[in-house]
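Topology and contacts: notes
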Amino acid sequence: MFWQKRERGCGSFFALGQPRAVQRSGSGVLLVQRKNKQGKALPQPVVKWAGGKGQLLDRYSRVFPPAFNAYHEPFAGGAAVFFAIRRRGWSGKAYLNDLNPELINLYVVIRDNFPALMEELKVHEAHKNNRDYYYEVRNWDRNPRQFSRLSPAKRAARTLFLNKTCYNGLYRVNRSDYFNVPFGRIKNPRVLDGDNLQAVSLALQDVSLTCRDFEVALAAAGPGDFVYLDPPYQPLTRTASFTAYTRDSFSLLDQQRLARLFAELEQRGCWVMLSNSYTPEIQALYQGYSIQVVQASRAINSRTEGRGPVEEMLITSYRPRDQSLLE
Ligand SMILES: C[S@@+](CC[C@H](N)C(=O)[O-])C[C@H]1O[C@@H](n2cnc3c(N)ncnc32)[C@H](O)[C@@H]1O
């Protein structure tokens, strides 16, 4: 059985403590605590991202391995799971990767040049409700030569500003790699959230940030490491695809490549957890592993009729501690 994992010969496991940063409201809805007892901000995702896992954290956290060495998230996006384990006090070595260069540049600047980012954001903050200003900043990438000469901090501030003020927090580029999401008409977008950005900057210290294909990014994953895989989802229907985080889409061949890597990581002795849509193709790829079906609401879809609750799969290479969650 796949979940009967071998003993891992590593001595440096760090056990995840009890969730200190989550609370339940009276209705049982999970509330994420934004500050610790001393009033210091706890790191929250800085971008709204399609497929973001904020709403599923409670369910997912019961499936995390009890202890692990390093943490790897090769499809980071908003990195909701990474920030959740940091909020629980886990301070080990982490590897975040995403094929989207603007997103990774944003994380690098938050980690290494927080003051410069704050300066750039102040400029955008002053124009956050101005539609013409939005399109002016959006169009910076229409001149690729000039765009590539912008400082990393300017590009990072643009990414964050567009994410907060565009329609529904979408990230979508066309074939020319131009960001093409319309203005969002959001009443009071939070462009400059200094407390959270500072907490995120701290959380990212000593985190490896790369912009590569997932297979290359996972070359360093070793025994006892926790690997969370959250690829662009396999579309539920042929027309429902939203895979435009980068210019290239994620095909069924990529899903198959990922399933082979999942098995290889399991062989290497990693704890592997993967989320994907509940489709026959994905189910077939992970036969024999522990599979749970979870209800999620799709907050971001390029077409509004595609929103609403959907079933997703959570697949693990090990048997989760909370066995009541198993089928
Ligand atoms: C479902 S999203 C991840 C959402 C994330 N877990 C969150 O909480 O926001 C998938 C991510 O995979 C990235 N991606 C697409 N193809 C990739 C590839 N071949 N290698 C690495 N990342 C890729 C996309 O840019 C996107 O950010």
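Residues numbered from 1 in each chain as written. Predicted model: local features only at pLDDT ≥ 70, side-chain atom pairs only at ≥ 80, totals over all residues.

Scanning the protein chain from terminus to terminus reveals 11 helices and 11 strands. The proportion of buried residues among the 327 residues of the protein chain is 36%. The contacts of the protein chain with a sequence gap of at least 6 include a subset with a gap of at least 24, amounting to 73%. (Helix = DSSP H or I, 4+ residues; strand = E, 2+ residues; numbered from the N terminus. Buried ≥ 20, exposed ≤ 12 C-beta atoms within 10 Å, placed from the backbone. Contact = placed C-beta atoms within 7 Å.)

Most often, soluble globular proteins keep nonpolar side chains buried together rather than apart. Among the nonpolar cores identified, the biggest contains 72 residues, and Phe82, Val227 and Val272 are the most heavily contacted of them. Composition of this core by domain shows at least three residues from each of domain 1 (30-99 + 212-325) and domain 2 (113-204). Setting aside its immediate chain neighbours within four residues, valine 227 contacts His72, Leu218, Ala221, Leu265, Cys270 and Val272. (Core = buried A, V, L, I, M, F, W, Y, C linked by C-beta atoms within 7 Å. Domains from an automatic or database assignment.)

Within the secondary structure, valine 191 is located in the loop between helix H7 (152-165) and helix H8 (194-204). By the C-beta count within 10 Å, which is 21 here, valine 191 ends up buried. Measuring from C-alpha to C-alpha, the distance between valine 191 and asparagine 163 comes to 8.7 Å, with 28 residues separating the pair along the chain. Ignoring any residue separated from it by four or fewer positions in sequence, one finds valine 191 in contact with Leu121, His124, Glu125, Lys128, Leu160, Phe161, Lys164 and Thr165.

Right, let's talk about the packing of helix H5 (residues 131-138) against H7 for a bit. Running from N to C, H5 and H7 cross one another at 135 degrees; their axes reach a closest spacing of 10 Å. As summarised for this structure, H5 and H7 are arranged oblique, according to the angle between their axes. Crossing of H5 against H7: the hand is left-handed. Every residue of H7 that contacts H5 at Tyr134, Val137 and Arg138 is listed here: Arg158, Phe161, Leu162 and Thr165. Of the residues assigned to the contact of H5 with H7, the class counts are 4 nonpolar, 1 polar and 2 charged. (Axes fitted to C-alpha atoms, helices over the stretch in contact; angles between N-to-C directions. Parallel < 35°, antiparallel > 145°, perpendicular 65-115°, else oblique. Left-handed = near helix turned anticlockwise from the far one by under 90°. Nonpolar A, V, L, I, M, F, W, Y, C, P; charged D, E, K, R; others polar.)

Here helix H3 (residues 101-112) is 12 residues long and its end C-alpha atoms lie 16 Å apart, about the 16 Å a rise of 1.5 Å per residue gives. Listing the buried residues of H3 in full gives Glu102, Leu103, Ile104, Leu106, Tyr107, Val109 and Ile110. Here the buried face of H3 lies against strand S6 (94-97), helix H4 (114-125), H7, H8 and strand S7 (207-210). (Expected span 1.5 Å × (residues − 1).)

This brings us to the packing of H3 against H8. In a packed pair of helices, the relevant descriptors are the angle between the two axes and the axis-to-axis distance. Interhelical geometry of H3 versus H8 gives an angle of 90 degrees and a closest axis separation of 8 Å. As judged from the angle between their axes, H3 and H8 are roughly perpendicular. Two secondary-structure elements touch here, H3 through Tyr107, Ile110 and Arg111 and H8 through Leu197, Val200, Ser201 and Leu204.

The next thing to look at is helix H10 (residues 252-268). When the terminal C-alpha atoms of H10 are compared, their 24 Å separation across 17 residues agrees well with the 24 Å that a helix rising 1.5 Å per residue should span. Within the span of H10, buried status applies to Leu258, Ala259, Phe262, Leu265 and Glu266. Down the axis of H10, the buried side of the element spans an arc of 125 degrees, and every buried residue falls inside it. Along H10, exposed side chains directed more than 90 degrees from the buried face belong to Leu253, Gln256, Arg260 and Gln267. Taken from the residues just after H10, glycine 269 is the one with a positive phi, measuring 95 degrees. (Arc of directions from axis to C-beta.)

When pLDDT is averaged along the protein chain, the result is 86, and 81% of the positions lie at 70 or above. With pLDDT under 50 throughout, residues 1-15 is counted as low confidence; its partners more than four residues away or in other chains account for 25 contacts. Counting contacts from residues 301-305, a segment whose pLDDT is below 50, to residues more than four positions away or on other chains yields 5 contacts. (pLDDT = per-residue confidence, 0-100.)

Successive side chains on a regular strand alternate, one facing one side of the sheet and the next facing the other. Covered by surrounding structure in strand S8 (residues 226-229) are Phe226 and Tyr228 together with Val227 and Leu229, the residues of both alternating faces. Relative to strand S9 (residues 271-277), S8 runs parallel, the two sharing 4 bridges. Paired with leucine 229 across the two strands is leucine 274, which belongs to S9. (Pairing = 2+ DSSP bridges.)

For the rest of this paragraph, the subject is unusual backbone geometry. With a phi close to 50 degrees, arginine 185 is a non-glycine residue in the positive phi region. You can see arginine 185 is positioned in the loop between H7 and H8. Positive phi, close to 70 degrees, is recorded for aspartate 206, a residue that is not glycine. Among the structural elements, aspartate 206 can be located in the loop between H8 and S7.

Looking now at the environment of valine 294. Here valine 294 is to be found in strand S10 (residues 290-298). For valine 294, a count of 16 C-beta atoms within 10 Å corresponds to the partly exposed category. Valine 294 sits 16 residues away from valine 310 along the chain, and the two C-alpha atoms are 8.4 Å apart. Excluding its chain neighbours within four sequence positions, the residues that come into contact with valine 294 are Leu56, Arg59, Glu312 and Leu314.

Looking now at the environment of leucine 117. Within the secondary structure, leucine 117 sits in helix H4. Taking the number of C-beta atoms within 10 Å as the measure of exposure, leucine 117 has 23 and is therefore buried. Along the primary structure leucine 117 and proline 152 are separated by 35 residues, whereas in three dimensions their C-alpha atoms are 8.9 Å apart. Ignoring any residue separated from it by four or fewer positions in sequence, one finds leucine 117 in contact with Val109, Ile110, Ala153, Ala156 and Ala157.

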